[in-house]
Amino acid sequence: MKLKLIFILDLLIVTASLTLGLQGWKVGVKQAHAVWSWKQSQTSELLANIPNDPDLNKSWVFENNDNIDALSAWKIQRGSRNIVVAIVDTGVDKNHPEINSNLWKNAGETGAYIDSQSGKIKYKENDGVDNDHNGYADDVYGWDFTQDKCGDKLCILGAEPQDEHGHGTHVAGIIGAAGNNGQGISGISPQVSLMILKYYDTHASGADNLKNSIRALRYAVEHGAHIINYSGGGPQFVKEEFEILKQAERKGILVVAAAGNEGEDIEKQQYYPASYELNNILSVASLNQKDELSSSSNYGGKVDVAAPGENIYSTLPLNKGKYGSMTGTSQATAFVTGIAALVLAQNQDWVGHGAARRIKSKITHSVRKLEALKDKVISSGKVSAVSALQ
Ligand SMILES: [Ca+2]
Ligand SMILES: [Ca+2]
Ligand SMILES: [Ca+2]
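All residue numbers here refer to positions counted from 1 along the written sequence of the relevant chain. Written order determines the labels here, with chains lettered from A and ligands numbered from 1. Where local features are concerned, this predicted model is filtered to residues with pLDDT of at least 70; where side-chain atom pairs are given and counted, the filter is 80 or more; whole-chain, interface and lining totals use all residues.

Remarks on the overall build of the chain
Threshold: Helix and strand definitions follow DSSP, with helices as H or I runs of at least four residues and strands as E runs of at least two, each counted in order from the N terminus. With C-beta atoms placed from the backbone, the exposure class of a residue follows from how many other C-beta atoms lie within 10 Å of its own: 20 or more, buried; 12 or fewer, exposed; in between, partly exposed. Residue pairs are scored as contacts if the distance between their C-beta atoms, which are placed from the backbone, is within 7 Å.
Looking only at helices and strands, one finds ten helices and 18 strands in the chain. Residues counted as buried form 52% of the 390 residues belonging to the chain. Long-range contacts, defined as pairs at least 24 residues apart, comprise 71% of the intrachain contacts of the chain with a sequence gap of at least 6.

Quick look at the packing of helix α8 (residues 329-346) against helix α9 (residues 355-364)
Convention followed: Axis definition: a line fitted to C-alpha atoms, limited for helices to the stretch in contact. Angles are taken between N-to-C directions and run from 0 to 180 degrees. An angle below 35 degrees is treated as roughly parallel, one above 145 as roughly antiparallel, one from 65 to 115 as roughly perpendicular, and anything else as oblique. We call a crossing left-handed when the near helix sits turned anticlockwise from the far one by less than a right angle, and right-handed when that turn is clockwise. Residue polarity is assigned by list, with Asp, Glu, Lys and Arg as charged and Ala, Val, Leu, Ile, Met, Phe, Trp, Tyr, Cys and Pro as nonpolar; anything else, Gly included, falls into the polar class.
As a packed pair, α8 and α9 sit with axes 10 Å apart at the nearest point and diverge in direction by 115°. Relative to α9, the element α8 is oriented roughly perpendicular. The chirality of how α8 crosses α9 is right-handed. Residues Val336, Ile339, Ala340, Val343 and Leu344 of α8 lie in contact with α9, whose contacting residues are Ala355, Ile359, Lys362 and Ile363. Each residue belonging to the contact of α8 with α9 can be placed in one class, and the counts come to eight nonpolar, no polar and one charged.

A short note on the pairing of strand β16 (residues 323-326)
We apply this condition: Any two strands are treated as partners once DSSP identifies two or more bridges connecting them.
What you see with β16 is no split at all: Tyr323 and Ser325 on one side and Gly324 and Met326 on the other are buried throughout. Note: strand β15 (residues 312-315) against β16, four bridges, orientation antiparallel. Following the sheet pairing, Ile312 is matched in β16 by Met326.

Observations concerning the packing of helix α5 (residues 167-176) against α8
With their axes 7 Å apart at the nearest point, α5 and α8 run at an angle of 35° to one another. Crossing hand, α5 versus α8: right-handed. Contact with α5, carried on its side by His167, Val171, Ile174, Ile175 and Gly176, involves Ser330, Gln331, Ala334, Phe335, Thr337, Gly338 and Ala341 of α8 and no other residues of that element. When grouped by side-chain class, the residues that make up the contact of α5 with α8 number six nonpolar, six polar and no charged.

Points about the nonpolar core
Heads up, the rule is: By definition, a nonpolar core groups buried Ala, Val, Leu, Ile, Met, Phe, Trp, Tyr and Cys residues that connect through C-beta atoms lying within 7 Å of each other.
Val85, Leu197 and Val336 are the most contacted members of the largest nonpolar core, which has 107 residues in total. Of all the elements, α8 adds the most residues to this core, at eleven residues.

A few points about the pairing of strand β12 (residues 254-258)
β12 sits mainly inside the fold: five of its five residues count as buried. Two strands pair when backbone bridges link them, and strand β10 (residues 227-230) and β12 are joined in this way by four bridges, in the parallel orientation. Each residue of the ladder has a partner; that of Tyr230, found in β12, is Ala257. Of the pairings in the sheet, the one linking β12 to strand β13 (residues 281-287) comprises four bridges and is parallel in character. Bridging across to β13, Val255 finds its partner in Ile281.

Regarding α5
The buried count for α5 comes to ten of ten residues, which makes it a mostly enclosed element. Every buried residue belonging to α5 is among His167, Gly168, Thr169, His170, Val171, Ala172, Gly173, Ile174, Ile175 and Gly176, and all of these are buried.

Quick notes on the confidence of the model for the chain
We apply this condition: The quantity called pLDDT is the predictor's confidence in a given residue, expressed from 0 to 100.
On average, residues of the chain carry a pLDDT of 90, and 89% of them reach 70 or more. Counting contacts from residues 7-36, a segment whose pLDDT is below 50, to residues more than four positions away or on other chains yields 39 contacts.

What to know about helix α7 (residues 239-251)
As a reminder of what qualifies: The length a helix should cover is 1.5 Å for every residue beyond the first. The arc under discussion is defined with respect to the helix axis, by the directions toward the C-beta atoms.
Spanning 13 residues, α7 covers 19 Å between terminal C-alpha atoms, matching the ideal 18 Å at 1.5 Å per step. When α7 is considered as a whole, its buried residues turn out to be Glu241, Ile244, Leu245, Ala248 and Glu249. The buried residues of α7 occupy an angular sector of 155° when the element is viewed end-on, so they sit on one face. For α7, exposure combined with an orientation more than 90 degrees from the buried face picks out Lys239 and Arg250. Contact partners of the buried residues in α7: α6 (206-222), β10, β12 and α9. The first or second residue beyond α7 is Gly252, which carries a positive phi of 80°.

A look at the environment of Ala340
Turning to its location among the elements, Ala340 is positioned in helix α8. You can call Ala340 buried: it has 31 C-beta atoms within 10 Å. The spacing of Ala340 and Ile188 is 152 residues in sequence and 9.5 Å in space, taken between C-alpha atoms. For Ala340, the residues in contact, after removing those within four places along its chain, are Ile227, Leu254, Val256, Ile359 and Ile363.

Comments concerning the environment of Gln346
Relative to the assigned elements, Gln346 resides in helix α8. Accessibility expressed as a C-beta count within 10 Å gives 19 for Gln346, which makes it partly exposed. Sequence spacing of Gln346 and Gln77 is 269 residues, and the spatial spacing of their C-alpha atoms is 6.6 Å. Non-local contacts of Gln346, meaning those with residues more than four positions away in its chain, are made with Gln77 and Leu389.

Here is the structure:
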């Protein structure tokens, strides 16, 4: 059984919430300088369009619009709550103020009713009942496949897909941190619905993580996800995983998959799900700030595009500092997922069969070609949010 590894961060700079006045003052000065240098680099037209998230400039990706063309993309499209993105990962801190307003909610597990026996008001989200009869009790935001207990027909104890690691919350912020809300950063899709599916547990065996990743993918496919972000993978073809992703292909669900962090050519050393022969998989390599392929990034004929992936500033769970930086193809993948969410928000009539193929085509045909990516990724380029919308 293959080991289903998610990418552990290479670098984690936790910007801890500073409580001492002096330290707070120093941080304030640093921010002011950063805002200044950031604004110098933008044209007046883009400046008029910059959202009011004060820490957006802490990310080099947004410091210069050309890095991914997000500022100019937001002039055209800022995403939609109608677009459901499943994050198959370590869970997400749903209490994070930048994530909370963009969480997906299962309509069948929300709302109140009068209990016929007690006559009291009960809330579907915490009544312990599987109100929508999908086999999961109280699955409001998604599910925790690492903690749940399942009988023949019902799974319980998975209603809180909380992120103890940090990876899932970081990926979630890149895709869909609330934009223009006067705080923190902005995701590439400032409005979106994030479905939280936790499969990875650092203490579990590779076999268990793999089994749970397949359950998580199945949930996404069966519960209305339009796009799946999969920032993980492994070297072995797994038939069950292939079958569920094929079902996703039939439904038009796009799977954005990391190329992996071994610095290898994945045509020689396969890396799944990126390497599956399916039209709905969009695989992503990582770039550094100089537009070079990251030394740790996998590449090759199965990798479609590249995106920024080094030292990326995004959200972290509240007990891990709220914001911080991580590196890897996981982060690059999340940028592409965010762009895919914008493209689908712009073309909502595509939803359904064929949508994945169309989104993938838009993104791969609108890249900025880079000499450094020739023969490294199929499109020879890095993604551009604004070009993908045109
Ligand atoms: Ca349910
Ligand atoms: Ca319930
Ligand atoms: Ca924000």
